[in-house]
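Observations on the model geometry
The lines below spell out each chain.
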Amino acid sequence: MPSLSESVRAKSLLGPKLETPKPHLQKRMPNIKVFSGSSHPDLAQRIVDRLGIDLGKVVTKKFSNLETCVEIGESVRGEDVYIVQSGSGEINDNLMELLIMINACKIASASRVTAVIPCFPYARQDKKDKIFSEAQGKAGNAGASKIVMKNNEWKFRSRAPISAKLVANMLSVAGADHIITMDLHASQIQGFFDIPVDNLYAEPAVLKWIKENIAEWRNSIIVSPDAGGAKRVTSIADRLNVEFALIHKERKKANEVASMVLVGDVKDRVAILVDDMADTCGTICHAAEKVMEAGATRVYAILTHGIFSGPAISRINNACFEAVVVTNTIPQEEHMKDCPKVRCIDVSMMFAEAVRRTHNGESVSYLFSNVPY
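Now for a look at the structure at hand. Treat the numbers as computed from the prediction; the structure is a model and nothing was measured.

Remarks on the nonpolar core
The biggest cluster of nonpolar side chains holds 44 residues, and the ones touching the most others in it are Ile210 and Ile222. The element contributing the most residues to this core is helix H11 (residues 348-360), with six residues. For isoleucine 222, the contacting residues outside a window of four places in its chain are Val233, Ile236, Ala237, Leu240, Val242, Glu243, Phe244, Ala245, Ile272 and Val274. Membership of the second largest hydrophobic core comes to 31 residues, among which are Val76, Ala110, Val167 and Ala176.

In structure tokens form, the structure reads like this:
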């Protein structure tokens, strides 16, 4: 009869053979598939060129009643799928197209579906705010207390939607497993999701552009056009080892600024205005006038998302900017044709690297402070 030690040794010799899975049972790493929506095909093409793969085949069209129809032109069964669609142009149509594409891939048995949304739609509608009445806006804050208000004159956003949360729910219900975006208007939007959200930052690319294109960047000052961007400008100022300033603004209503107060010394310095997005450009142009009046030598504006709707381009042409620098999270070709001051930073390599690292199960935090080459 074999001793106890011999039986234990026999089990240890047999153990590794029994634990090794059979070759056909080993987990297969899914292939990567990248599809583009109709909002920004150029960015999607740049991403796949960087990854060294081909763009997935997809056909998007509309029926005569303007319903969106999407047809995925290749198998995605068991694949790791990435759909690139930015919140620009016809935002509502593009959002619906993204939801349909996510759902189409999910019910076609894709292993994982990641929505790459460079500019997150409805990000500005992330909370409920109190809005001053029109009467108070006209009278100014000093005279507000003297005005006798009727019950219906005070306008609170107590019944306003938190649309960013609604969009988050829609993406999750459609079947998205993961979101990759850049410079969310409010970082707490990540908390609206129950799925992972990678919020990339344009800051490393912005720092690189400043050092390469502004000769006197050591004598610059980073300025936030509103108090909400203070954290963003302090981070950039710290990494450049320069000072920062901010402008306190008050609004009468959306897209209209009532007053501005500059906090900081910009005299005899190059002022670099930094913000996450510019829509009608009223704020950024008023801020440029304010810093020039305070003695700045030159003014640059650096924005992650250049929406440029309405009178934005004419305002930039008439303003005192040396350059208005934006990233290509939103297509900028037409804006650059209409306005020679608009310059573009390519961030496709950051999204491509985020996709590659996500696919391979690597950390994405490297991209928070570095630009991949």
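Points about empty space enclosed by the protein
Tallied over the full model, the rule gives one cavity of 30 Å³ or more. Considering only enclosed or pocket space, the largest cavity measures out at about 40 Å³ in volume. The wall of the largest cavity is formed by Gln85, Ser86, Gly87, Ile91, Asn94, Leu95, Leu98, Ile117 and Pro121. Residue contributions to the lining of the largest cavity peak at four residues, all from helix H3 (residues 91-107). Of the residues contributing to the lining of the largest cavity, the split by class is five nonpolar, four polar and no charged.

Structural notes on the sheet that holds strand S9 (residues 197-200)
If you trace the five strands from one edge of the open sheet to the other, you get S1-S4-S5-S8-S9, paired in parallel fashion. The open sheet has two edge strands with one neighbour each: strand S1 (32-36) and S9. Neighbour to neighbour, the strand axes of the sheet diverge by 15° on average, direction disregarded. Across four bridges, the pairing between strand S8 (residues 178-182) and S9 is parallel. Following the sheet pairing, isoleucine 180 is matched in S9 by aspartate 198.

As for the pattern of salt bridges
Scanning all chains against the criterion turns up 19 salt bridges. One salt bridge connects lysine 208 with glutamate 212, and the closest N-O pair in it is separated by 3.4 Å. Residue lysine 208 and its partner glutamate 212 are located together in helix H6 (residues 203-213), separated by four residues, close to a single helical turn. Connected through shared salt-bridge partners, Glu353, Arg356, Arg357 and Glu362 make up one network.

Things to note about the packing of aromatic side chains
Summed over the entire model, instances satisfying the criterion amount to three aromatic pairs. Between tryptophan 209 and tyrosine 300, the ring centres sit 6.4 Å apart and the planes meet at 70°, which makes this aromatic pair edge-to-face. Here tryptophan 209 is found in helix H6, whereas its partner tyrosine 300 is found in strand S14 (residues 298-306), with 91 residues between them in sequence. You can call tryptophan 209 buried: its relative accessible area is 11%.

Structural notes on the packing of helix H2 (residues 41-51) against H11
If you want to describe how two helices pack, look at the angle between their axes and the distance between the axes. Relative to each other, H2 and H11 sit at 55°, their axes nearing to 9 Å. The pairing of H2 with H11 is recorded here as oblique in orientation. At the point where H2 passes H11, the crossing takes the right-handed sense. Residue-level inspection shows Leu43, Arg46, Ile47, Arg50 and Leu51 of H2 in contact with H11, the latter providing Ser348, Met349, Phe351, Ala352, Val355 and Arg356. Looking at the contact of H2 with H11, its residues break down into seven nonpolar, one polar and three charged.

Criteria and thresholds
Residues numbered from 1 in each chain as written. Predicted model: local features only at pLDDT ≥ 70, side-chain atom pairs only at ≥ 80, totals over all residues. Heavy atoms only, no water. Core = buried A, V, L, I, M, F, W, Y, C linked by side-chain atoms within 4.5 Å. Buried < 20%, exposed > 50% of the residue type's maximum accessible area, 1.4 Å probe, protein only. Helix = DSSP H or I, 4+ residues; strand = E, 2+ residues; numbered from the N terminus. Contact = heavy atoms within 4.5 Å. 1 Å grid on protein atoms, 1.4 Å probe; cavity = no way out; pocket = protein on both sides within 12 Å on 5 of 7 lines; lining within 4 Å. Points joined across faces, edges and corners; volume = space filled by probe spheres on them. Nonpolar A, V, L, I, M, F, W, Y, C, P; charged D, E, K, R; others polar. Pairing = 2+ DSSP bridges. Axes fitted to C-alpha atoms, helices over the stretch in contact; angles between N-to-C directions. Salt bridge = Lys/Arg side-chain N within 4 Å of Asp/Glu carboxyl O. Phe/Tyr/Trp six-rings, centres within 6.5 Å; stacked < 30°, edge-to-face > 60°. Parallel < 35°, antiparallel > 145°, perpendicular 65-115°, else oblique. Left-handed = near helix turned anticlockwise from the far one by under 90°.

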